[in-house]
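Here are the chains, one letter per residue:
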Amino acid sequence: MSRVALVTGGTRGIGAAISIALKDAGYKVAANFAGNEEKAKAFEAETGIPVFKWDVSSYPACAEGIAAVEAALGPVEVLVNNAGITRDAMFHKMTPEQWGEVIGTNLTGLFNMTHPLWSGMRDRNFGRVINISSINGQKGQMGQANYSAAKAGDLGFTKALAQEGAAKGITVNAICPGYIGTEMVRAIPEKVLNERIIPQIPVGRLGEPEEIARCVVFLASDDAGFITGSTISANGGQFFV
Ligand code: NDP
């Protein structure tokens, strides 16, 4: 029987690659999105992966959204917390709204999504929670105090929850991508990409969304059952921890 996987922010960028890779690996996949209906519907039509709209920063919306996914596909056994946003500003110019939105989606979103699913995973003695953090949560990034704080928080959440889930067959891991060639990164002017960003990456190129997706498929698998509380740094050699 194929397992059910839910990917937040699963209709674009890294999340879309994760949804597709999990489907190709035999999972029944649901992809959540926030508001870009046109993109989500095109993704659904193209891949056959059902899409579900809700905001991960709202606990009631997550509980309702998860119930809709489980009614359609069955109990969620693999959760990929991928949805994320940036609201960059130097700290002296950062507004409470920019702080709150990023913490709400990128950190509180993990609580909101994982908490409603946790009891079911415990009851079934199986679960996979895979959190997409960031290199900037490991090393910090100027202009991203909010994002770096949230992504570092994701790593603490991962390590704490891994200890709670271990005896119940639930693994909790994180992936920290470096620069990945999504729309967001490709929108950076080519000159900046070629002269400032790519020279910082020892492998000499951006990562591909599929390279993150393959890490997710491995962590979701039965083969990865002894790996929990870990962080995979997928950044082309840019930063080691
Ligand atoms: P994109 O901006 O391409 O896609 C983001 C996805 O998240 C979209 O599907 C979006 O939905 C969804 N989303 C955003 N906010 C919410 C919300 N509140 N509720 C539900 N869904 C939401 O992002 P990337 O693919 O670039 O990034 C994916 C993850 O990887 C993020 O967590 C990001 O921080 C992390 N990351 C990315 C890196 C990169 O280089 N791209 C590097 C390191 C980490 P909608 O389409 O409706 O807006």
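The structure displayed is predicted, hence computed values, not measured ones.

Please clarify how the pairing of strand β6 (residues 170-177) should be interpreted in this entry.
One face of the sheet, then the other: side chains in a regular strand alternate in exactly this way. Of all the eight residues making up β6, eight are buried; the element is thus mostly covered by neighbouring parts of the structure. Of the two faces of β6, the one holding I170, V172, A174 and C176 and the one holding T171, N173, I175 and P177 are both buried throughout. Here six bridges tie strand β5 (residues 127-132) to β6, and the two strands are oriented parallel to one another. Looking at the pairing, V129 lines up with V172 of β6. For β6 and strand β7 (residues 231-234), the ladder comprises four bridges, and the chain directions are parallel. Residue pairing across strands places P177 opposite A234, the latter belonging to β7.

Which parts of the structure should I look at to understand helix α6 (residues 145-165)?
Given 3.6 residues to a turn, an α-helix orients residues that are three or four positions apart in the same direction. Compared with an ideal rise of 1.5 Å per residue, which puts 21 residues at 30 Å, α6 spans 30 Å between its outermost C-alpha atoms and is within 8% of the ideal. If you check which residues of α6 are buried, you get N146, Y147, S148, A150, K151, D154, F157, T158, L161 and G165. Structurally, α6 contributes buried residues whose contacts are with α4 (96-124), β5, α5 (135-139) and β6.

Looking at this structure, how should I read the sheet that holds β6?
Note: strands within a sheet are paired through backbone hydrogen bonds, in either parallel or antiparallel orientation. Spatial ordering of the open sheet is given by β3-β2-β1-β4-β5-β6-β7, a layout of seven strands whose pairing is parallel. If you trace the sheet from one side to the other, it starts and ends with β3 (51-53) and β7, each paired once. For this sheet the average axis-to-axis angle between neighbouring strands, irrespective of direction, equals 20 degrees. Against the sheet, α6 contacts β5, β6 and β7, and its axis sits at roughly 160 degrees relative to β6.

Help me understand the site of the ligand, please; the structure alone is not making it clear to me.
By nearness alone, 30 residues border the ligand, and G9, G13, A34, N36 and G84 come closest of all. Listed by contribution, the elements that provide at least two residues to the shell around the ligand are α1 (13-24), β2 (28-33) and α7 (183-186). Residue composition of the shell around the ligand, grouped by class: 12 nonpolar, 14 polar and four charged.

I keep staring at the UniProt feature "domain: Ketoreductase" (unreviewed entry) in the chain and nothing clicks. Help me out?
UniProt's feature table lists "domain: Ketoreductase" (unreviewed entry) at residues 3-178, given in the numbering used throughout. Taken end to end, residues 3-178 comprises 53% helix and 19% strand; its first and last C-alpha atoms sit 29 Å apart.

Before we go on, may I ask you to explain α1 in this structure?
When the terminal C-alpha atoms of α1 are compared, their 17 Å separation across 12 residues agrees well with the 16 Å that a helix rising 1.5 Å per residue should span. Counting buried residues in α1 gives 10 out of 12 residues, a clear majority hidden from the surface. Those residues of α1 not exposed but buried are G13, I14, G15, A16, A17, I18, S19, I20, A21 and L22. Directly beyond the C-terminal end of α1, a positive phi value near 105 degrees is found at G26.

Criteria and thresholds
Residues numbered from 1 in each chain as written. Predicted model: local features only at pLDDT ≥ 70, side-chain atom pairs only at ≥ 80, totals over all residues. Buried ≥ 20, exposed ≤ 12 C-beta atoms within 10 Å, placed from the backbone. Helix = DSSP H or I, 4+ residues; strand = E, 2+ residues; numbered from the N terminus. Pairing = 2+ DSSP bridges. Expected span 1.5 Å × (residues − 1). Contact = placed C-beta atoms within 7 Å. Axes fitted to C-alpha atoms, helices over the stretch in contact; angles between N-to-C directions. Near = placed C-beta within 6 Å. Nonpolar A, V, L, I, M, F, W, Y, C, P; charged D, E, K, R; others polar. UniProt positions renumbered as here; feature names shortened; annotations may be inferred.

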